Amino acid sequence: MARSKQLPVTLNKMWLLTVILLVLGNSVSATHADSIILERFLLSDPPPTQQAPASKTDVPPTPSATAPAALNEAPAPPPVTRTGAPAPAPAPVTAPVSSQTASVAPQAVATKTEGEIITLNMSLRLGDVRSSGMSLDGRSLYVWLTENAVLSEWRDIAARITRDLPFAEAARVQDIAGDTYLIVELSRPLVLLDEAVSIVDVERMSWELTFRERRLADTGSVGLAEILPKGALQKVRVLQQGPLITLEFSGSSEFFAEIYHHDGRDALIVEFPGDSVRAVRRLLPADLPSALGEVIVETSDVGRARLVIPGAPHIDLVDAIASADDTLETSRLSVYLVPDAPVRADLAKGRLDELNLDTSTGLDVLLDGPRDARINAYLLPSPSRFMLDLLGVSVEEAERAIRDFNPDGQYVAGIRFGETQLGSTRIELTLTEAYADAMGTDVIPFRRVLEPNTIALALPEAGRPLPQVDTEPLQLPGRALAEALNLRAPPEVELLGEPAQVIGSIRLDAAFYEDRDHSPMPIVTDRFSLMGSFLKALDSDPSYLAALAEFRINAEALPQARAGLLPTLDFNYQFANIQQDVRASGTLDLGRTRYNSNLASLNLTQPVFRASAFVAVNQARLAVEQAQLAVLVSEQELMVRLATIYLNVLLATDELQLAQSELDAFTGQFELANTRFRAGIADLAEYNDSLSRMTIAEARYIKAENTLDDARLAFKEIVGEEIGILSGFQGDFRAALPFPAAVEPWIDAALEQNLALQTRQLATRIADLQVRRQRADRLPTLDFVATIRRSSDDQTLFSPERQELDAAEASLRLNMPLYGGGRPSSLIREAGARRDRETQLAERERRKSERDVRSAFLGVNASARMLDALREAVRAEQVRLETRLQGFETGVESQVAVLDAYQQYFSVRRDFAQARFDYLINRLSLKQAVGTLTRNDLAELDRLLVN
């Protein structure tokens, strides 16, 4: 059975991972406890020295004494380490060492070889060691250390073992899953025969381990396998989250497994020494991910049950984590696999040019460059890591961008990078403990394309408290006066310092976003005019199309009502097979007879008098008229709605351009103030004033960006497609006032012509006719009825001969309702109540129409006058700004005065754009309220725009 060679601390183009769960019973010579040993070889070079968690060692730096108080230095970024070139790591956090313990003599290491028996003797401090164990292949010795162990002394022991022991290739102290181990890599397979512990004094002990070289007969029978009972595996689960495939094996506390790569078969092997092939097959789920290939359960050469995953090398073993629960006496092994691919030289866009972070909405990793590369993004636990595999991209093409990466210390505690099994780039971002614990590891990263060459891989924000840094309040001139005048905000609303906590993101189930293409929406370059958009909306707006469908529905009410006055004609046919048995009769023959009978009839009914049917016809005529008005109302609403949204897009575009200009201006002023402050020319108040205005301008820009996106989506909601360039204004225009300039004539016209009011008045008339219709149902009805009938019988009861008969009948049928159980009276009362309701709704619509006319009329007048005033204000503010800038250059004006001029100028520009929007919308609203809004009015507005 061919296997990869287990190298001491290297794994280039091959990997081996052994997971051992030791359960060693108590013995006289040594005390053993349940332990979990996990040795992980990631990449081609020795892993960096294990660092203590950032939360224990990282202290946020205080602001510089010379820097302004408004600027706190960001936490120092965590180290960027390539696995092959470890950066110097801070000393690990250890338990404090008492003076008594520190006085103990250093540990000694000695070895003795007699034939094939090797003895290792170590003089140790009492309480340093929990337990020990060997790997399955006999090439690794694991010593589980306690929390009281002094790690620096154990590192000295590791160095002496590496230097002095002939059978040891390397030794090191390493943290694994939160515990610390001494790991000795052996030059040849050994078998641990015996352990002996003797107490030297109250502080020291002597620990002797006896080894023998492993023989062929030892495979599978010597060491841990001898003490492990059969049938330890109890459950197998296979989970897939995005590209990450998790194999989870769980069982009793005796569960034991070995994972390695089989060179000869290009397969990943998971061996279960204590379980049978039948048990593993029974526990293995039937629906495995297709990426694993055809998974096989078989018996190894030495009789062990093993799971063979043939996907290697295109399936990479990225990590494995073992855990145990002493209370429940259970253990679990989680194996994490991801797809892999070799480096491709033919990638058109495979180079990683830049690696950035955006933490405004969570943790977004931005990759510039590898657009054509396949990217695996997934989370790994213990510790929580955000993994990025750039499949097809070599490390050389990504190294520069990774080394220039500057992470945010509130999200990322460290970064490493290296190669996958097939040589592609793998980036490992170790998440901070606070962020990872609050977010969890069941999140699938969200991928989207922001720009043609920029890919964002996002994790959600996680609700958590933020570290607080105490800062001294600013002692500014006038502070005492402000406090004396009680100008401060109440304590419950005053914003002091940084936020204390983060609110987590609203999360969506990953089924709705994973494995989908999230490229940005295509840019549509067609120019949309207002009238062209209106014509599109007539064919695509759901509200208008629903009104047309409603009209077609109501239009059918008239033929249905007329049908109540028209004749009805129906044909009936009946066939019967008759059996009769005459048992006693004075005239008929006794016995049984059987014959067929046929009956066909044609019936005509012509209503002569039905009062309710006449009322129903009148109701239907009004309903059709009401539906026609409803279509016109819907068309007018569509005009106003479309024009409002169209102008909203133009207004939002202007707002965004103004916000960008304002941000650029205030950013330039802040940079100038910063330079002046550093040079000692400007004071702290001037610096903070420019900083405050710049950040407010940035917030206003973000709001304007969102407003524009929302306006464009609202436009798409009407026309049903992505919009491109909208025709803007050809230039400024002079606003005109309504004519006549009195509001009363407009109100009179609205009360007579407003379409919504007319629709409501028709509804009142229909409700009144419904009362009359219910009363008419109590009147008698008269119908003319004519019937033609033909029957044929093979025989009759009185004669055995065939009989045929034709008949014709004409009659008048009178129906007089006398008592209906109270239902007719109840229906009349219900119809009367509905009439009263419609009457009140019509009155409400009348009042609303009057208010709409007054509001639109006043709005047109006010916005027209505001346009004239704001036009002059824009000119004046522009001159004022230029004057302030010239004065600042000559030293007459302060920078604060320039900032005030900028702020006032952009504020007036925004007010002018809003007033222009209000004026045009109020014009359309006034025409709509009067009921005279037509397509010509929309065309008139369209002529103001560039086509």
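- For the protein chain, an unreviewed UniProt entry supplies the name Outer membrane protein and the organism Ectothiorhodosinus mongolicus.
- Of the comments in the UniProt record for the protein chain, the one headed Subcellular location (unreviewed entry) reads "Cell outer membrane".

### Quick look at the sheet that holds strand β12 (residues 233–241)
And step 1. Here we have four strands laid out as an open sheet, ordered β12-β13-β19-β18, and antiparallel in their pairing. The two strands at the open ends of the sheet, each matched to only one other strand, are β12 and β18 (315–325). Each adjacent strand pair in this sheet contributes to an overall mean axis angle of 15°, direction not counted.
And step 2. For β18 and strand β19 (residues 330–339), the ladder comprises ten bridges, and the chain directions are antiparallel. Each residue of the ladder has a partner; that of A324, found in β19, is S331.

### Quick word on the sheet that holds strand β9 (residues 179–186)
And step 1. With respect to topology, four strands assemble into an open sheet ordered β6-β7-β9-β8, the strand pairing being antiparallel. Looking at strand neighbours, the two that pair on one side only are β6 (129–134) and β8 (168–176), the edges of this open sheet. Strand-to-strand twist across the sheet, computed as the mean angle between neighbouring axes with direction ignored, equals 15°.
And step 2. With five bridges connecting them, strand β7 (residues 140–145) and β9 associate as antiparallel partners. Residue pairing for β9: Y142 is matched across the bridge by I183.

### Quick notes on the packing of aromatic side chains
And step 1. Evaluation of the coordinates by the stated rule reveals ten aromatic pairs.
And step 2. Look at W746 and F857: their rings are 6.4 Å apart centre to centre, the planes differ by 50°, and that puts the pair in the tilted class. Remark: F857 occurs in helix α16 (residues 823–890) and W746 occurs in helix α14 (residues 744–753); sequence separation between them is 111 residues.
And step 3. Taking the relative accessible area as the measure of exposure, W746 reaches 16% and is therefore buried.
And step 4. Grouping aromatic residues by their ring pairs yields a cluster made of F666, Y902, Y905 and F906.

### Re the environment of V615
And step 1. Positionally, V615 belongs in helix α12 (residues 611–678).
And step 2. Residue V615 is classed as buried on the basis of its relative accessible area of 8%.

Quick notes on the rules
Residues numbered from 1 in each chain as written. Predicted model: local features only at pLDDT ≥ 70, side-chain atom pairs only at ≥ 80, totals over all residues. Heavy atoms only, no water. UniProt positions renumbered as here; feature names shortened; annotations may be inferred. Pairing = 2+ DSSP bridges. Helix = DSSP H or I, 4+ residues; strand = E, 2+ residues; numbered from the N terminus. Axes fitted to C-alpha atoms, helices over the stretch in contact; angles between N-to-C directions. Phe/Tyr/Trp six-rings, centres within 6.5 Å; stacked < 30°, edge-to-face > 60°. Buried < 20%, exposed > 50% of the residue type's maximum accessible area, 1.4 Å probe, protein only.

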